[in-house]
Amino acid sequence: MSKRASCPHCQRPQRTCLCDVMVLRHSDYRLVILQDPKEAKHALSSAPLLAKSIAGAQLIVGEVFAPEQILGEDWQSTSLLIFPGDKPVSSELLSKNQITTLILLDGTWRKVARLLHLNPWLSTLPCYAINADNSSQYKIRRSPRADGLSTIEAGVCALNELHAQQDFSNILLAFNKMIDLQIAAMGEATFKKNYP
């Protein structure tokens, strides 16, 4: 059986290619996405779209990560975890620090909790909790939390908050198209039945 042809850029099947709406943006920060291996197998994961939309972004799949190898020797003073943690920092405080790297965790809430457990060094980092004004548009996956966002939505929200002069919202065009294509493939009736 032959494999479905994939787009070499967005790496999605040709019939669901997202290149016509994908953008490449530059950030003042290096973006590192640590992804749970099971999430990496999910065809509708939003993390690859985010990684392809930010110049220099890294998407690293695994369970246990060595911070020095990924972030460099000064990782403790230059890295910030985008997560509602115990050590929240404001965007004003951030501008006075030497933060150069933003870290996002990709997976379900349970998988992210496991990543945090397996990588205790993540809990030593200052956290930045985003101010999510809107609920998630990830209509084909549910979060157990009312404020739960997909990785791409959380990333765009954080980037918008941390870049006063830039708007990263057009990154979500590819995410929205991916969802619309999936809903079209399953049919409106099936979508309404399974995702009321």
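The structure displayed is predicted, hence computed values, not measured ones.

It is worth spelling out the overall build of the protein at this point. Scanning the protein from N- to C-terminus turns up nine helices and five strands. Secondary structure elements in the protein, listed N-terminal to C-terminal, are β-α-α-β-α-α-β-α-β-α-β-α-α-α. Taking all 196 residues of the protein together, the buried fraction comes to 41%. Within the protein, contacts between residues separated by at least 24 positions form 72% of all contacts whose residues are at least 6 apart in sequence. Split by element, the accessible area of the protein, about 10,900 Å² in all, is 51% carbon and sulfur.

To find the voids left in a structure, one rolls a probe of water-molecule size over its atoms. Put simply, the second largest pocket is a space of about 440 Å³. Lining the second largest pocket we find 22 residues, and of these Gln11, Arg12, Pro13, Ala43 and Leu44 sit closest to its centre. Secondary structure elements with two or more residues in the lining of the second largest pocket: helix H2 (47-53), strand S2 (58-61) and helix H8 (172-186). Per-element accounting of the lining of the second largest pocket gives the leading share, four residues, to H8. When the residues that make up the lining of the second largest pocket are grouped by side-chain class, the tally is 12 nonpolar, six polar and four charged.

So, on to the nonpolar core. Of all hydrophobic cores here, the largest spans 34 residues; its most connected members are Leu31, Leu49, Leu50, Ile54 and Leu102. Counting only elements with at least two residues in this core, the list comes to strand S1 (30-35), H2, strand S3 (79-82), strand S4 (101-106), helix H7 (151-162) and H8. In terms of residue count, the dominant contributor to this core is H7 (six residues). In this structure, leucine 31 is in contact with Leu50, Ile54, Gly56, Ala57, Gln58, Leu102 and Leu104, ignoring residues within four places of it in sequence. Counting residues in each nonpolar core, the second largest holds 18 residues, with Val32, Leu34, Leu71 and Leu81 among its members.

Our next topic: the pattern of salt bridges. Under the definition given, this model contains three salt bridges. In this structure, lysine 177 engages aspartate 20 in a salt bridge whose closest nitrogen and oxygen atoms are separated by 2.6 Å. Note that lysine 177 is positioned in helix H8 and aspartate 20 in the segment before S1, a separation of 157 residues in sequence. By relative accessible area, which is 22% here, lysine 177 ends up partly exposed.

Right, let's get into the sheet that holds S1. Either a parallel or an antiparallel arrangement is found when strands of a sheet pair, and the pairing is made through backbone hydrogen bonds. The parallel open sheet is built from five strands, whose spatial order is S2-S1-S4-S3-S5. The open sheet has two edge strands, S2 and strand S5 (127-128), and neither has a second partner. Note that S1 and S2 share four bridges and pair parallel. Looking at the pairing, glutamine 35 lines up with valine 61 of S2. Running at roughly 125° to S4, helix H6 (residues 109-118) makes contact with S1, S3 and S4 of the sheet. Its contacts with the sheet put H7 on S1, S3, S4 and S5, and the angle it makes with S4 is roughly 160°.

Quick notes on the rules
- Residues numbered from 1 in each chain as written.
- Predicted model: local features only at pLDDT ≥ 70, side-chain atom pairs only at ≥ 80, totals over all residues.
- Heavy atoms only, no water.
- Helix = DSSP H or I, 4+ residues; strand = E, 2+ residues; numbered from the N terminus.
- Buried < 20%, exposed > 50% of the residue type's maximum accessible area, 1.4 Å probe, protein only.
- Contact = heavy atoms within 4.5 Å.
- Areas by Shrake-Rupley, 256 points an atom, 1.4 Å probe, with all protein chains shown as cover.
- 1 Å grid on protein atoms, 1.4 Å probe; cavity = no way out; pocket = protein on both sides within 12 Å on 5 of 7 lines; lining within 4 Å.
- Points joined across faces, edges and corners; volume = space filled by probe spheres on them.
- Nonpolar A, V, L, I, M, F, W, Y, C, P; charged D, E, K, R; others polar.
- Core = buried A, V, L, I, M, F, W, Y, C linked by side-chain atoms within 4.5 Å.
- Salt bridge = Lys/Arg side-chain N within 4 Å of Asp/Glu carboxyl O.
- Pairing = 2+ DSSP bridges.
- Axes fitted to C-alpha atoms, helices over the stretch in contact; angles between N-to-C directions.

Everything listed here is a matter of geometry and, on its own, says nothing about what the molecule does.
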